[in-house]
Amino acid sequence: MYCLETKDIFHRYSNDDVVLDGISLQVPQGSIYGFLGPNGAGKTTTLRLILGLLRKQRGAISIFGKSFDAHRTEILRNVGSLIESPSLYDHLTATENLALLQKIYRVSRERIDKVLELVGLSGTGHKKISQFSLGMKQRLSIAVALLHGPSLLVLDEPTNGLDPNGIVEMRDLLKRLNREDGITIVISSHLLSEIEKLVTHVGIVHGGRMMFQGTLDELRLKRQQMAAVTLGTNDDRQALHILSEDAPNARIVDGRIVMPAMSNEQIAGINRRLVERGVDVHALGIAGGDLETIFMDLVGR
Ligand SMILES: Nc1ncnc2c1ncn2[C@@H]1O[C@H](COP(=O)(O)OP(=O)(O)OP(=O)(O)O)[C@@H](O)[C@H]1O
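As the structure is a prediction and not an experimental result, all values here were calculated from the model.

Moving on, we get to the site of the ligand. Contacts to the ligand come from Tyr-13, Asn-15, Val-19, Gly-37, Asn-39, Gly-40, Ala-41, Gly-42, Lys-43, Thr-44, Thr-45 and His-190. Ranked by residue count, the leading element in the shell around the ligand is helix α1 (residues 43-50), at three residues. Among the residues forming the shell around the ligand, the class breakdown is three nonpolar, eight polar and one charged.

Written as structure tokens, this is what we have:
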């Protein structure tokens, strides 16, 4: 069973442009799911639909195995979210901010201390939010999202604007919440590199369509498949001629011979054959296989 599943979600704002066109997300229970896509891809719209902040036009959403339409209140009681900046009162402390929400959520006073401890803000005492760093504010926003004890967290670009240190702190916090409290997390980002060290699963959206969905390992396998072998020789034309059987797709790009990914044995064989036929090989490398490049390739740059 998926913790969160959407089937064929479609959305169009009033200006007629189709913004989401068949988004089907499958977020396994206990996973950290990275929802990736460039600016304007449709991430926020999808997350707003999932949280019932926008009216669904077509498709189906189920959370905790139940239809969102039929069990909305019950489901939302168990979901925490951070979409855009939450309204925190700048002139109040972290505890005072949470105390306001504690009354609305009707949770125990101890829960405030618990969530502040979870996000590493226990020691902030009388410090007002206006004196908080952006990283501290973001962590307090996560505390707000956690106050009612949800088992699913939906976070829209929570690392936006954070410095590298803030990003690492946020990553550690989310990993801990996932590992120690078993919270399933959906986190959107436009940078794969920023969440690569955090997520177990990835969904990539572009232009309102899903380009990829799977585990991080499956994305890495794609990386291997999309990586290219590059060769530098003293006579590229002659080399291409020699390689016409071994690597019929080889081509010259920017003064290098580029071939599809192949095994180490095949690479060694090609090198041997070229040298035996009198072509000098002065460079041999692998290119284009980093995850960020695959991401860019998938979304068509
Ligand atoms: N309220 C709105 N009215 C009309 N169009 C909108 C509205 N909100 C978003 N859009 C458009 O919908 C598309 C998807 O926007 P969305 O905010 O979902 O993308 P995103 O992937 O979250 O991007 P970003 O990372 O920039 O927030 C964009 O073309 C955007 O301009």
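Each assigned domain of the protein is listed with its residue range as follows: domain 1 (2-214) and domain 2 (227-298). For domain 1 versus domain 2, the separation of C-alpha centres amounts to 44 Å. Taken together, the contact between domain 1 and domain 2 spans seven residues of the former and four residues of the latter. Listing elements by their share of the side of domain 1 that touches domain 2, those giving two or more residues are α7 (192-195) and β11 (209-215).

Spatial ordering of the open sheet is given by β13-β14-β12-β15, a layout of four strands whose pairing is antiparallel. With one partner strand each, in any of the chains shown, β13 (251-253) and β15 (281-287) form the two edges of the open sheet. For this sheet the average axis-to-axis angle between neighbouring strands, irrespective of direction, equals 35°. Across six bridges, strand β12 (residues 228-233) lies against β15 in antiparallel orientation. Of the residues in β15, the one forming a bridge with Thr-230 is Gly-285. Contacts from helix α10 (residues 264-276) reach β12 and β15 within the one sheet, and its direction differs from that of β15 by about 160°.

It is worth spelling out the UniProt feature "domain: ABC transporter" (unreviewed entry) in the protein at this point. Under the local residue numbering, the UniProt record ascribes the feature "domain: ABC transporter" (unreviewed entry) to residues 4-232. Along residues 4-232 one finds 37% helix and 28% strand; the C-alpha atoms at either end are 49 Å apart.

Once that is clear, we can look at the pairing of strand β4 (residues 32-36). Burial analysis of β4 places five of its five residues in the buried class, the great majority of the element. Here β4 shows two buried faces, one formed by Ile-32, Gly-34 and Leu-36 and the other by Tyr-33 and Phe-35. Bridge count for β4 against strand β9 (residues 184-189) is five bridges, and the pairing is parallel. Directly across from Ile-32, in β9, lies its bridge partner Ile-185.

Moving on, we get to the environment of Arg-256. Looking at the element boundaries, Arg-256 is found in strand β14 (residues 256-260). Residue Arg-256 is classed as partly exposed on the basis of its C-beta count, with 17 C-beta atoms lying within 10 Å. Separated by 27 residues in the primary sequence, Arg-256 and Val-229 place their C-alpha atoms 9.8 Å from one another. The contacts of Arg-256, once residues within four sequence positions are left out, are Thr-230, Leu-231 and Gly-232.

Glancing now at the environment of Gly-208. Among the structural elements, Gly-208 can be located in the loop between β10 (201-206) and β11. The class of Gly-208 is buried, set by 22 C-beta atoms lying within 10 Å. Distance from Gly-208 to Asp-90, taken between C-alpha atoms, is 36 Å for residues 118 residues apart in sequence. Apart from the residues within four sequence positions on either side, Gly-208 is in contact with Val-18, Val-19, Leu-20, Asp-21 and Gly-42.

Calculation notes
- Residues numbered from 1 in each chain as written.
- Predicted model: local features only at pLDDT ≥ 70, side-chain atom pairs only at ≥ 80, totals over all residues.
- Near = placed C-beta within 6 Å.
- Helix = DSSP H or I, 4+ residues; strand = E, 2+ residues; numbered from the N terminus.
- Nonpolar A, V, L, I, M, F, W, Y, C, P; charged D, E, K, R; others polar.
- Domains from an automatic or database assignment.
- Contact = placed C-beta atoms within 7 Å.
- Pairing = 2+ DSSP bridges.
- Axes fitted to C-alpha atoms, helices over the stretch in contact; angles between N-to-C directions.
- UniProt positions renumbered as here; feature names shortened; annotations may be inferred.
- Buried ≥ 20, exposed ≤ 12 C-beta atoms within 10 Å, placed from the backbone.

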